[in-house]
Each structure stands twice: as structure tokens, then as C-alpha cells.
Amino acid sequence: MARVRAGGQDAGVKQETRGIPLSSPYVGEREEELVLEVLRSGRLSLGPTIDRFEEHFAEATGAPYAAAVSSGTAGLHLLCISAGIGPGDEVITSPYSFAASANCFIYEGAVPVFADIDPRTLNLDPAAVEAAVTERTKAIVAVDIYGYPCELDELRAIAAKHRLAFIQDSCEALGAEYKGALVGSHGPSAVFAFYPNKQITTGEGGIVTTHSEEEWRLLRSLRNQGRGDDGGWLEHVRLGFNYRLDDISAALGIAQLEKLDEILRLRREVAGRYGEILRDVDGVELPLADDADHVRSWFVYVVKHFESEGIGFNRYLPSIHLQPYIRERYGFSEGMCPVSEDASSRTLALPFYTALERDAQERVGEALAASL
Ligand SMILES: Cc1ncc(COP(=O)(O)O)c(C=O)c1O
């Protein structure tokens, strides 16, 4: 069987360090074994492997229920439907994120309201969220950007005060901890994603964790063309989607979950080495360190630089409110979220993956120092 080839999974960041991909999945023989088992079983979709993956995932995050879906974006979209978000509603979210955290409710006709971020954490600033609430606000979509948990208690309190739905985009944060407990375990429904640049991968895929059995049943119906629990294959009780994860992907996910602790540890070590290597590079600000309330799960290694001339890397991440299609549709422009825009202009992602070795990291450090 062909080995899964390591390779870059992200477009858009110019590689000054040839031969070092920006990201690379951490897969091996156990993944091959479990995938092969499913192939040989003949149960390639809607089979028992999905249920097993969901059970393992729920256990790994401390959430009572998990519903696997075809992508993180699909999971976010389904939570927006579950929250009843519809045309004309406003949804407050972070501008400093991947486009899907806003697209998920734009699909349903809701209007994005971008509240600015905290310059330290790069996550939603609760004061900016409170200031953005109007009579039309329906929900908050909070993101744990770069695996650093958002200000969950403060944001949930705002949501409760104004009777808003609260959705946590934890696509980058599997294994992160907030106030001593795993992201996913606190109560709000959360979405995790498994594209190959993530901590664990299923190829494409995602999962929603929820603390509500009722919501879990709804998610399972919505992802499966709106079929009911007891009805037949051709009975559709609601408008649904084909957002199913297949059993082959789920098998890959189970093998990845078996080594989750190892993956998280290795990624922490890679991040620690970057910290040592880049400590003395002038003009570079390292990622925010953990504190008592926030333990990051390392997704990417993003640094801030102080000079914008001559940098050989592209922006990571651009602010969503300035994406061409969003500007055009809503008329947003520069100056709307100055903290996010400043972060976008000065953050860049370095090659980062579970098996990244020190000598490659040193070459990255040299390339970065030379470009500044
Ligand atoms: C913050 C965030 N939200 C949503 C997504 C969407 O996940 P997916 O690519 O699986 O649809 C991602 C991952 O790319 C992400 O990083």
C-alpha cells in the first residue's frame, strides 16, 4: 500500500524554506490498518465506524454527545440551523478567523457583525461583543483561534444576558483547555475540524460536540438529508443536507484519536523549540503563552513581526471583513476592526506540524531572521 505522503496543506504562504511543508499529517501503519478494515468490511458509509469515532471523540473532549460531519464548515452550518439563525438576523463573530466561521450563518441569510479582537489573544474581545449587540442580534460565533481558547465565560454571560445562541468554533482547538477543562466539555456546542493541517485528520471531516441529546439527534438528521430516526431511507422529515462523514474517514479518525496525547505532546515540543530558536530574533513577537485559564492546543505557529518590508511570507490570517466578497456584499472597509487589521498585517505562519524536527525549525528561524 502506498504510504501517505507528507506535503504542504495550505496554499498562500510563500516558502522561503524549500522542502519544509507548512503542515503535514501524522499518519502511519495504524491508520492504514483501520482504514483497510473498513474497506474490507464493505460498510463504507452509515456503518458502525462512525458511531465508534463519535464515542471516542466525545470521550476525548469530555462532551456527552458528538456528531461527525463532512467538514468543520458543515458542522458550523448545522449549528447555525439548530440555533434557528435566519434571514435578517445579525450574528456577532470574530474578523480574525478563517472565512467559514462567518460563512456558516451567511448561508442562512444572516448578516455578519464583526466585533474586534483582543490584541493579546487574537480572540473576540468581550467588551467589543457587548457593544455590538442590537435588537436584531441572534447569536455569537466565538472562535478559538490558533488553538487558544476564547473568553468563554464572559462571552457566554453576554449571550445569556441578551438571550443569544452561542456557537464555539473550536476547529483549531482540539485538546485546548479553558479554566482547567477541555474545550468541548463546558456546555456550548462546539465544532472541531479534521483537514490534514489540523491536530488530527480524517482527510476532510469535522465533528460537533453538544451537551443536548435533542440537538445531537437533530444534527444526525440534518447531516443525513433530513431523515428521521425511525423513518425509511426515502422519508425526509426536514430539509437536510448530505454532510455525512464516511466510515473510511472515521476509521482514520479513530487511529488518530488513539495517538492524540502523543500528537499534542509532540506539537507542544515543536512549539517549545520554536520559542528557543526565535527568542533572540529581533522584531519577532512569539505566540501568547498559556496562563492559568487558557491552555493552547498547538495548531499553527504564528508570530507577529514588527517590520512589514521584505517579509517573504504572506499574511496569515487576513481579516474576514476585508475579504473581497464580504466587502462587496456588505460595504465594509478598512478601519472597521483596527486590532484585527493590525494583526492581519503583522502575523505570519511558520511551517508547523507534529513531526517537524529541530534542524528544519532552525532553517526556518534563519530564513525568518534574514527576511526581517
Ligand atoms: C477557525 C476555523 N473555522 C472553520 C474551519 C473550517 O473547517 P473545514 O475546512 O473542515 O471546513 C477551519 C478550518 O479550516 C478553521 O480553522
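Fair warning: this is a prediction, and the values are worked out from it, not measured in the lab.

**Considering the overall build of the protein**
Then comes step 1: Looking only at helices and strands, the protein features 12 helices and 13 strands.
Then comes step 2: Over its C-alpha atoms the protein spans a radius of gyration of 20 Å, differing by no more than 12% from the 21 Å that the globule rule assigns to 372 residues.
Then comes step 3: C-alpha extents for the protein along the principal axes are approximately 65 × 55 × 40 Å.
Then comes step 4: In the protein, 70% of the contacts between residues at least 6 apart in sequence involve partners at least 24 apart.
Then comes step 5: Carbon and sulfur atoms make up 48% of the accessible area of the protein, which totals about 16,000 Å².
Then comes step 6: Distance from the positive charge centre (36 side chains) to the negative charge centre (56 side chains) of the protein: 3 Å.

**Brief notes about the sheet that holds strand E5 (residues 165-169)**
Sheets are built from strands that pair by backbone hydrogen bonding, the pairs being arranged parallel or antiparallel.
Then comes step 1: The sheet built from seven strands is open, its strands ordered E1-E9-E8-E5-E4-E2-E3 with mixed pairing. On the outer flanks of this sheet lie strand E1 (65-69) and strand E3 (111-114), each paired with one strand and no other. Taking each pair of neighbouring strands and ignoring which way they run, the sheet shows an average axis angle of 25 degrees.
Then comes step 2: Judged from the four bridges that link them, strand E2 (residues 90-93) and strand E4 (residues 137-143) form a sheet pairing that is parallel. Looking at the pairing, Thr93 lines up with Val141 of E4.
Then comes step 3: In the packing of helix H2 (residues 48-61) onto the sheet, contacts are made with E1, strand E8 (189-193) and strand E9 (206-210), and the angle to E1 comes to roughly 130 degrees.
Then comes step 4: Running over the sheet, helix H7 (residues 213-223) touches E1, E8 and E9 and is turned about 15 degrees from E1.

**Some words on the site of the ligand**
Then comes step 1: If you check the shell around the ligand, you find 14 residues, and the closest are Gly72, Thr73, Asp169, Glu172 and Lys198.
Then comes step 2: Within the backbone of Gly72, a nitrogen or oxygen atom sits 2.8 Å from an oxygen atom of the ligand.
Then comes step 3: In this structure, Glu172 approaches the ligand through a side-chain N or O atom, which is 2.6 Å from an oxygen atom.
Then comes step 4: Contact with the protein chains hides 91% of the accessible area of the ligand, taken as 390 Å² for the molecule alone.
Then comes step 5: With three residues, the top contributor of residues to the shell around the ligand is helix H3 (residues 72-82).

**Topic: the packing of H2 against helix H8 (residues 247-258)**
Then comes step 1: Where H2 contacts H8, the two axes come as close as 8 Å, and the packing angle between them is 30 degrees. Taken as a pair, H2 and H8 cross one another with a handedness that is left-handed. Listed contacts from H8 to Pro48, Thr49, Ile50, Arg52, Phe53, His56, Phe57 and Ala60 of H2 are Asp247, Ala250, Ala251, Gly253, Ile254 and Leu257.
Then comes step 2: When grouped by side-chain class, the residues that make up the contact of H2 with H8 number nine nonpolar, three polar and two charged.

**Structural notes on a nonpolar patch on the surface**
Then comes step 1: A contiguous nonpolar surface patch, about 380 Å² in accessible area, is contributed by Leu46, Trp233 and Leu234.
Then comes step 2: In this structure, Leu46 sits in the loop between helix H1 (29-41) and H2.

**Let's talk about the confidence of the model for the protein**
Then comes step 1: Residues at a pLDDT of 70 or more form 93% of the protein, whose mean pLDDT is 93.
Then comes step 2: Under a pLDDT of 50 for its full length, residues 1-15 has, in the predicted model, 37 contacts with residues more than four places off or in other chains.

**As for unusual backbone geometry**
Then comes step 1: Although it is not a glycine, Arg163 adopts a positive phi angle of roughly 55 degrees.
Then comes step 2: Its place among the elements puts Arg163 in the loop between helix H6 (152-161) and E5.
Then comes step 3: Even without glycine at this site, Lys179 takes up a positive phi of about 50 degrees.
Then comes step 4: When you line up the elements, Lys179 lands in the loop between strand E6 (177-178) and strand E7 (181-182).

**Considerations on the sheet that holds strand E13 (residues 347-350)**
Then comes step 1: An order of E10-E12-E13 is seen for the three strands of this open sheet, with the pairing classed as antiparallel. The sheet is open, and its two edges are formed by strand E10 (284-285) and E13, each paired on a single side.
Then comes step 2: Sheet analysis places E10 next to strand E12 (residues 301-305), joined by two bridges and oriented antiparallel. In the strand pairing of E12, Glu285 is matched with Lys304.
Then comes step 3: Strands in contact with helix H9 (residues 260-278) are E12 and E13; relative to E12, the strand with the most contacts, it is inclined by about 25 degrees.

**Here we look at the environment of Gly147**
Then comes step 1: With respect to the helices and strands, Gly147 occurs in the loop between E4 and H6.
Then comes step 2: Owing to a relative accessible area of 0%, Gly147 belongs among the buried residues under this scheme.
Then comes step 3: C-alpha of Gly147 to C-alpha of Ser297: the two residues are 150 residues apart in sequence and 4.8 Å apart in space.
Then comes step 4: When near neighbours in sequence (up to four residues on either side) are disregarded, Gly147 contacts Glu172, Ala173, Ala176, Val295, Arg296, Ser297 and Phe299.

**What to know about the packing of aromatic side chains**
Then comes step 1: One pass over the full model with this rule turns up 14 aromatic pairs.
Then comes step 2: Taking 5.5 Å as the distance between ring centres and 20 degrees as the angle between the ring planes, the aromatic pair formed by Trp298 and Tyr301 counts as stacked. Residue Trp298 shares its accessibility class with Tyr301, and that shared class is buried.
Then comes step 3: Each residue in the set Phe53, Phe57, Phe192 and Phe194 is aromatic and connected to the rest through ring pairs, giving one cluster.
Then comes step 4: In this structure, Arg296 packs its charged tip against the face of Trp298, placed 4.9 Å from the ring centre.

Scoring rules and cut-offs
Residues numbered from 1 in each chain as written. Predicted model: local features only at pLDDT ≥ 70, side-chain atom pairs only at ≥ 80, totals over all residues. Heavy atoms only, no water. Helix = DSSP H or I, 4+ residues; strand = E, 2+ residues; numbered from the N terminus. Rg over C-alpha atoms; globule rule 2.2 N^0.38 Å. Contact = heavy atoms within 4.5 Å. Areas by Shrake-Rupley, 256 points an atom, 1.4 Å probe, with all protein chains shown as cover. Lys, Arg positive; Asp, Glu negative; His and termini not counted. Charge placed at Lys NZ, Arg CZ, Asp CG, Glu CD. Pairing = 2+ DSSP bridges. Axes fitted to C-alpha atoms, helices over the stretch in contact; angles between N-to-C directions. Near = heavy atom within 4 Å. Polar contact = N/O pair within 3.5 Å; in protein donor to acceptor, adjacent residues only side chain to side chain. Left-handed = near helix turned anticlockwise from the far one by under 90°. Nonpolar A, V, L, I, M, F, W, Y, C, P; charged D, E, K, R; others polar. Patch = residues over 30% accessible without salt bridge, like charges linked within 9 Å, V, L, I, M, F, W, Y side chains within 5 Å. Salt bridge = Lys/Arg side-chain N within 4 Å of Asp/Glu carboxyl O. pLDDT = per-residue confidence, 0-100. Buried < 20%, exposed > 50% of the residue type's maximum accessible area, 1.4 Å probe, protein only. Phe/Tyr/Trp six-rings, centres within 6.5 Å; stacked < 30°, edge-to-face > 60°. Lys NZ or Arg CZ within 6 Å of the ring centre and 35° of its normal.

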